[in-house]
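Reading the structure
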Amino acid sequence: MELKVLKATIKKEFQVRLRVYPISFMVGCILTSFYTTFGAWLMYHYFFRRQLSDSFSGLTGTSDYMSYAIVGSLMYLFVVRTCLNVSRTLMTELWEGTLESLMLAPFRRVAYFLGNMLLQTITTFGETAIATLIGVFFGLRIHEFNIIEFGIAVVLSLYCFFGVSLMLGCVMLYTRNTYITQNTLFTGMFLVCGITFPIEYLPTGLRLLGKLIPVTDCVSLMRAALLGGMGQGQFTQTALMALISGTIYIAFGMPLMKQAERLALEKMEG
Amino acid sequence: MRYFLKVVWAEAVKQHKNYFNNRTIYISLFIWPLFSFLSAYYSYSAFDVEGTLVSYINGKNILVFLMLGYMAMSFFRSVVQSAWNFSRERQSGTLEYIYLSTANRLAVLMGNALSSVFESSIVMLIFGLLIVFSNCDSINVNTIGVSIVLLLFIIMALLWGVFLNACFLYSRDTDFLFTILEEPMEIFAGVKVPIAIFPAWAKIISLIFPLTYVLEALRQVLLNGASISSISNTIFACVAIIVVLLSATLITIVVVEKHMRKTGNVVLF
Amino acid sequence: MIEVRNLKKTYDVKRRDGLFKSHRERIEAVKDISMRIDAGQIVGLLGINGAGKTTTIKMLTTLIEPTSGTYSFDGMDAIKHPSEVKKQINMIAGGERMIYWRLTAYENLWYYGQLYGIDNAVLKQRIEKLLKLVGLEDRANFPVETFSKGMKQRLQIARGLINDPKYIFLDEPTIGLDAVVTQELHREIKSLAKEHGKGILLTSHYLSEVEELCDYIYLVNSGELVVEGIKKDLTDFVFLRNQYEFSTKGMDEAIYQKLKSHICHVDNEAEISFENGKTVIESKMELSSVLAGFAIQEMLTINELHKMEPSLEQAVIKLSKDMQKEEIA
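Computed from a predicted structure; not experimentally measured.

Description of the overall build of chain A
Counting secondary structure elements, chain A contains 11 helices and zero strands. Put simply, chain A runs from its N terminus to its C terminus through helices and strands in the order α-α-α-α-α-α-α-α-α-α-α. The proportion of buried residues among the 270 residues of chain A is 43%. A fraction of 84% describes how many contacts in chain A between residues 6 or more apart in sequence connect residues 24 or more apart.

Structural notes on the environment of Gly58(A)
Topologically, Gly58(A) is positioned in helix 3 (residues 54-60). With 171 residues separating them in the primary sequence, Gly58(A) and Gly229(A) have C-alpha atoms 9.8 Å apart.

What about the domain arrangement of chain C?
Taken domain by domain, chain C consists of domain 1 (2-237) and domain 2 (242-308). If you average the C-alpha positions of domain 1 of chain C and of domain 2 of chain C, the two centres end up 46 Å apart.

Comments concerning the UniProt feature "transmembrane region" (unreviewed entry) in chain A
All names here are of chain A. Those residues carrying the UniProt feature "transmembrane region" (unreviewed entry) are residues 20-45, 65-84, 110-138, 150-173, 185-202 and 239-257 in this numbering. As a span, residues 65-84 carries 100% helix and 0% strand, and end to end its C-alpha atoms are 28 Å apart. In this annotation, residues 185-202 is assigned 44% helix and 0% strand; the end-to-end C-alpha distance for the span is 17 Å.

Structural notes on the interface of chain B and chain A
Frequently, the measure chosen for interface size is the accessible area that the parts lose on association. With 28 residues of chain B at the interface, the matching set in chain A holds 31 residues. Counting residues per element, the ones that place at least two in the side of chain B that touches chain A are helix 2 (24-44), helix 7 (174-181) and helix 8 (183-188) of chain B. Examining the composition of the side of chain B that touches chain A, we find that nine residues originate from one element, helix 2 of chain B, more than from any other. Here the residues of the side of chain B that touches chain A are counted per class, giving 15 nonpolar, nine polar and four charged.

Comments concerning the interface of chain C and chain B
The interface is formed by 24 residues belonging to chain C together with 22 residues belonging to chain B. Mapped onto the side of chain C that touches chain B, the elements with two or more residues apiece are helix 1 (53-60), helix 2 (82-87), strand 6 (89-93) and helix 3 (105-115) of chain C. No other element matches the five residues that helix 3 of chain C contributes to the side of chain C that touches chain B. Across the side of chain C that touches chain B, the residue classes break down as 11 nonpolar, six polar and seven charged.

Here is what the cut-offs are and how they apply
- Residues numbered from 1 in each chain as written.
- Chains lettered and ligands numbered in written order.
- Predicted model: local features only at pLDDT ≥ 70, side-chain atom pairs only at ≥ 80, totals over all residues.
- Helix = DSSP H or I, 4+ residues; strand = E, 2+ residues; numbered from the N terminus.
- Buried ≥ 20, exposed ≤ 12 C-beta atoms within 10 Å, placed from the backbone.
- Contact = placed C-beta atoms within 7 Å.
- Domains from an automatic or database assignment.
- UniProt positions renumbered as here; feature names shortened; annotations may be inferred.
- Nonpolar A, V, L, I, M, F, W, Y, C, P; charged D, E, K, R; others polar.

See below:
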């Protein structure tokens, strides 16, 4: 039964995308990554003339600022694309009026969302690859590639981002607004998840907030896998943290989503 | 003239009631630029600020430098969102009634921008002023310069809003405008990195954003104590942009009205 | 008086053939329409098969410029002076859109009043008067989103009168409304024309509405005027006949044959048939007294004598079918 839903969702989404692939959406996301990288490049090379503060390499384990920032921006692109797609699917269904008929069908939400997520992952990998090429141009260098760590980082990231998307989807359905909600949450993540600078620079409150979002850990893991600078013990610890927080997000996200769906439909009537 | 002002006011009031109908919108429009501002500020921590080439920036005033950038940008950026909102009047049919009336079209666009630009940025403005005042020992103000530049700033932000309103109202592909206007402005208008240190090709791109000029002028008079004569080039550029924006809007309005009477459709491009 | 002669509107539309290929196509939305609206008169504009009604209304409201033809508005050339015309007209469209839902009824009217530059003191009085006219004075300060469909529609009418227009264009004003509200609106529309002397052009899908309200009707098909006149002119035009149903006690084949020859003497074009003990007659003539006379003469007791006049609806349906046939031929 669940496999069937999974397959049907993938097929439906694939058909929709084949017909109207949101190119402007994709270009927009790659551009965002480009601007982030370009901004970091301008800062590093021109504004501050490659003079890093004394604390940076101590906190990050690397003195290659550009690679540090680019890996962060690539992960950010990845999380934005995944979240945007999965969280917005239900919003789209709400707008197009298909949410009601979808809710009538007695299937498990997990399969529905997983279907969306799997398909999205494929396209996102493609987009990230393009963005990586841009990154190499701006100075992305792989210092210590560890394939096992990389594999763990990718799988955990997908797992955690799925949880984050569910939460974001709830907020969207609840506020019935995508533009302001998504941009506020994404700029929020950009701030607290250590995308372009180590979160140790943040004041305590914001740093704690960053710790609560699994994206932060995932970004650290990916950097460790590509740039090194993190011991095995610390890597395992961070991976465990990500796994736990990701699980919490999914465990709370699913029932919350059901609640939000009901609320959204009630509001639509009223 | 009285009729013109009446329409401006009525449109501003309508937009206020129609769009800013609850308080949360002010907060959400504030949080977003605030986050961008904080991200930029903390990413500076990775660097040795004293190492910059720009003479008037130092570890003490960099917060104000950045705050001015994000505050000014919030005026120029928030309007993108509300202009998009305004463009929905085309779909909802109210635009047709506006066109059916004898109201001056520029007055309608202006009234709308008046409400959008200033209401969207009000919280950010207050926050920014608090930051600036609490750091007043690190700034170096030229009072006359500030008053002139502020006046220019308000006119430019308003006209930028009017111009975008016209673009969004008469254009089909608004997503495109979003992509063009949102993030590039943050980078290229010198909001977080001063354009003075840009490589030449990036400087050329920065020239197309009106925010570039007025932000530079604002920082000069607030942080560097620059006199009007020392930034006269920038001031002239601002005035020229005002003229260009106004005439571009007026031309668009006339062309759209002609186009609409011919085809029955306000979508121009 | 509004008078248009030989109005014509053609659009050039770009049609996509492929990714980069396209060709221009000329569409004749309105081919030739002449009409006239007098003050105090309700004129109906009926259309069949994509008739170009909307384009016609947009030309009359000066939102669109006609490709050719003349438009005289109280003796003034309306094509040359659209802004003068705009001062004296307004449009009311059906549906719930076209007003700001988050604003109150009063705020909506105030906003539109400002667009016409109406003096504030005058506007205040007018808004109060209009809200009373459409029965919304108690709801003046409630947001429109809390209104029912009928209330929104009534607010549309108040909005359409905000500049005290001489001529009003009503574009399907009662679409989607229930019978009671529709009747109220009909009363209001009639009073606008008859008591306040406004010239009104009405388009509607509901032919009974046009039948009830309009003093004069224009029927257009594919951008051309087919026929104009009062209702009878239209039904005559499509040769619609009165229908009679007649039966008596003990009516049988013999009596039917007698009746048939009796009627043929009076109207030899009448169509007569006998079904279920009832005689059904279609004729352009007035036959009620003829039928009654026949019963008396034959000493029969009348069970039923029923006359149905052709409705506008029948006329339009027949016309539309005829047109389709013509097109196919």
